[in-house]
Amino acid sequence: MPAIAKVTKEMIIDAALDIAKEMGAENINARIVSQKLGCSTQPVLYHFKTIEDVRIAAHKKGFEYHINYVTNLSGKYERPMLEVGMRHIQFAIEEKNLFRFLFHSNYYTGVSLSDWLTAENLASIFSILKIQAKVDDRQAYSIFSQLFFVTHGIASLLANNAMAYDEAYCINTLSNAYFGIMSLIKEGNQNLNGR
């Protein structure tokens, strides 16, 4: 008789993340996670005190997945930061449920925007930006934060509505925002040069 496969904490997190992607995070519960794993609810409740702890772990893993997705650059666009922005928008279109879970849930409670935008998770994006724009850390933060809000606004609209995606419009909008911010930095605008 073959041994019964052990359900690990990582398997539970992966199952919860799959549920968030396929059905929406509101469907992450012990019953659905255990069904996905083909086990009873006991392993889920053994590894995690509450189902909210499962959601938090899935959210963290989902955010790592998102960062890898947006920084997996192919060279399709002329500038790396344009590709990062376009990949964020594409993520919102391709992974609507996961996008909503990551950005439209309440898992950043008590975190300021400036703290969130400088989190270690975003270090790879700042590296890309500093090289592309030839700017220092403070300027990179300023450029990224302003570009992120433009990009995220477009992505949120597309993730939450049955809107038509217009790639050329998005490219033009992000390019205009990038060059406008770069122009202000070159002019020495003090409001853009630091936090």
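Criteria and thresholds
- Residues numbered from 1 in each chain as written.
- Predicted model: local features only at pLDDT ≥ 70, side-chain atom pairs only at ≥ 80, totals over all residues.
- Heavy atoms only, no water.
- Helix = DSSP H or I, 4+ residues; strand = E, 2+ residues; numbered from the N terminus.
- Contact = heavy atoms within 4.5 Å.
- Areas by Shrake-Rupley, 256 points an atom, 1.4 Å probe, with all protein chains shown as cover.
- Lys, Arg positive; Asp, Glu negative; His and termini not counted.
- Charge placed at Lys NZ, Arg CZ, Asp CG, Glu CD.
- Salt bridge = Lys/Arg side-chain N within 4 Å of Asp/Glu carboxyl O.
- Buried < 20%, exposed > 50% of the residue type's maximum accessible area, 1.4 Å probe, protein only.
- Axes fitted to C-alpha atoms, helices over the stretch in contact; angles between N-to-C directions.
- Parallel < 35°, antiparallel > 145°, perpendicular 65-115°, else oblique.
- Nonpolar A, V, L, I, M, F, W, Y, C, P; charged D, E, K, R; others polar.
- Expected span 1.5 Å × (residues − 1).
- Polar contact = N/O pair within 3.5 Å; in protein donor to acceptor, adjacent residues only side chain to side chain.
- Core = buried A, V, L, I, M, F, W, Y, C linked by side-chain atoms within 4.5 Å.
- pLDDT = per-residue confidence, 0-100.

A few points about the overall build of the protein chain
Part 1: When helices and strands are tallied, the protein chain shows ten helices and zero strands.
Part 2: In the protein chain, the succession of α and β elements from N to C terminus is α-α-α-α-α-α-α-α-α-α.
Part 3: Here the C-alpha coordinates of the protein chain stretch approximately 70 × 35 × 30 Å along the principal axes.
Part 4: For the protein chain, the proportion of contacts with a sequence separation of at least 24, taken over those separated by at least 6, is 65%.
Part 5: Counting only carbon and sulfur atoms, one obtains 54% of the accessible surface of the protein chain, whose full area is about 10,700 Å².
Part 6: Of note, the protein chain has its 19 positive side-chain charges centred 3 Å away from the centre of its 19 negative side-chain charges.

Some details on the pattern of salt bridges
Part 1: Tallied over the full model, the rule gives seven salt bridges.
Part 2: Of the charged contacts in the structure, one is a salt bridge between E78 and R79, with a shortest N-O distance of 2.9 Å.
Part 3: Judged by relative accessible area, which is 69%, E78 ranks as exposed.
Part 4: A salt bridge links K130 to D137; the nearest nitrogen and oxygen atoms lie 2.5 Å apart.
Part 5: Here K130 falls in the partly exposed class, since its relative accessible area comes to 32%.

So, the packing of helix α8 (residues 123-133) against helix α9 (residues 137-160)
Part 1: Between α8 and α9, whose axes approach to 9 Å, the crossing angle comes to 105 degrees. Between α8 and α9, the crossing angle belongs to the class labelled roughly perpendicular. Residues I125, F126, L129, K130 and A133 of α8 pack against D137, A140, Y141, I143 and F144 of α9.
Part 2: Here the contact of α8 with α9 is composed, by residue class, of eight nonpolar, no polar and two charged.

Topic: α9
Part 1: In this model α9 runs 33 Å from its N-terminal to its C-terminal C-alpha over 24 residues, within 8% of the 34 Å that 1.5 Å per residue would give.
Part 2: Its side-chain oxygen placed 3.1 Å from the backbone nitrogen of R138, D136 serves as the N-cap of α9.

What about the packing of helix α1 (residues 9-23) against helix α4 (residues 51-71)?
Part 1: The N-to-C vectors of α1 and α4 enclose an angle of 75 degrees; their axes lie 9 Å apart at closest approach. Taken together, α1 and α4 sit at an angle that is classed as roughly perpendicular. Here E10, I12, I13, D14, A16, L17 and K21 of α1 lie close against α4, whose contacting residues are V54, A57, A58, K61, G62 and Y65.

Quick word on the environment of E78
Part 1: Inspection of the secondary structure assignment puts E78 in the loop between α4 and α5 (80-94).
Part 2: Each C-alpha atom, one on E78 and one on L147, is 16 Å from the other, the two residues being 69 residues apart in sequence.
Part 3: A distance of 2.9 Å separates polar atoms of two side chains, one belonging to E78 and the other to R79.

Some remarks on the nonpolar core
Part 1: In terms of nonpolar packing, the biggest core is built from 61 residues, with I28, V33, I89, I125, L129, I143 and F144 touching the most fellow members.
Part 2: Among the elements that line this core, the one with the most residues is α9, at ten residues.
Part 3: Ignoring anything within four residues of it in the chain, the contact list for I125 reads I67, V70, T71, M81, V84 and F144.

Topic: the confidence of the model for the protein chain
Part 1: Looking at the protein chain, pLDDT values average 89 and 93% of them are 70 or higher.
Part 2: When mean pLDDT is compared element by element in the protein chain, α1 scores highest at 98, while helix α7 (residues 113-117) scores lowest at 80.

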